[in-house]
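Listed below are the residues making up each chain.
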Amino acid sequence: MTNVLVGLAVLDVAVMMLLIIAYRIPPLAHKLQATAAMQRFWRANWPTFRSVIPWLVLVGTFGLVGIGYLL
């Protein structure tokens, strides 16, 4: 069980790093917004992908704290 939690923590950190990199490079965030998957699933009345990234990182941080608490 500990190995699974450590694996989830590493995966969470990796996803947060990728989100921060996409946030810091605006052309990359715009390219991600223009991909076919984002066009298909992202609603027109939702905020832009770049404005959602800080909230996703915040949720990831809380997830990481929760995993640390479980360990």
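From a predicted model like this one, the values you see are computed outputs, not experimental measurements.

About the cut-offs
- Residues numbered from 1 in each chain as written.
- Predicted model: local features only at pLDDT ≥ 70, side-chain atom pairs only at ≥ 80, totals over all residues.
- Heavy atoms only, no water.
- Axes fitted to C-alpha atoms, helices over the stretch in contact; angles between N-to-C directions.
- Helix = DSSP H or I, 4+ residues; strand = E, 2+ residues; numbered from the N terminus.
- Parallel < 35°, antiparallel > 145°, perpendicular 65-115°, else oblique.
- Left-handed = near helix turned anticlockwise from the far one by under 90°.
- Contact = heavy atoms within 4.5 Å.
- Nonpolar A, V, L, I, M, F, W, Y, C, P; charged D, E, K, R; others polar.
- Phe/Tyr/Trp six-rings, centres within 6.5 Å; stacked < 30°, edge-to-face > 60°.
- Buried < 20%, exposed > 50% of the residue type's maximum accessible area, 1.4 Å probe, protein only.
- Lys NZ or Arg CZ within 6 Å of the ring centre and 35° of its normal.

1. Quick word on the packing of helix H1 (residues 2–24) against helix H4 (residues 49–70)
When two helices pack together, their arrangement is captured by the angle between the axes and the distance separating the axes.
(1) Moving on: Across the interface, H1 lies against H4 with an axial gap of 9 Å and an inter-helix angle of 160 degrees. The angle between H1 and H4 falls in the class roughly antiparallel. Considering only the axes of H1 and H4, their crossing is left-handed. Residue-level inspection shows Leu5, Leu8, Ala9, Asp12, Val13, Met16, Leu19, Ile20, Ala22 and Tyr23 of H1 in contact with H4, the latter providing Phe49, Arg50, Ile53, Pro54, Leu56, Val57, Gly60, Thr61, Gly63, Leu64, Ile67 and Leu70.
(2) Moving on: When its residues are assigned to classes, the contact of H1 with H4 shows 17 nonpolar, three polar and two charged.

2. Some details on the packing of aromatic side chains
(1) Moving on: The tally for this structure, following the rule as stated, stands at two aromatic pairs.
(2) Moving on: Considering the side-chain rings of Trp42 and Trp46, the 5.3 Å spacing of their centres and the 85 degrees angle between planes classify their relative orientation as edge-to-face.
(3) Moving on: Aromatic pair Trp42 and Phe49: ring centres 6.0 Å apart, planes at 85 degrees, arrangement edge-to-face.
(4) Moving on: For Phe49, a relative accessible area of 10% translates into the label buried.
(5) Moving on: Each residue in the set Trp42, Trp46 and Phe49 is aromatic and connected to the rest through ring pairs, giving one cluster.
(6) Moving on: Stacked on the ring of Tyr23, the Lys or Arg Arg50 has its end atom at 4.4 Å from the ring centre.

3. With respect to the environment of Val57
(1) Moving on: Here Val57 lies in helix H4.
(2) Moving on: Separated by 37 residues in sequence, Val57 and Ile20 place their C-alpha atoms 7.7 Å apart.
(3) Moving on: When neighbours within four sequence positions are excluded, Val57 is seen to be in contact with Met16, Leu19 and Ile20.

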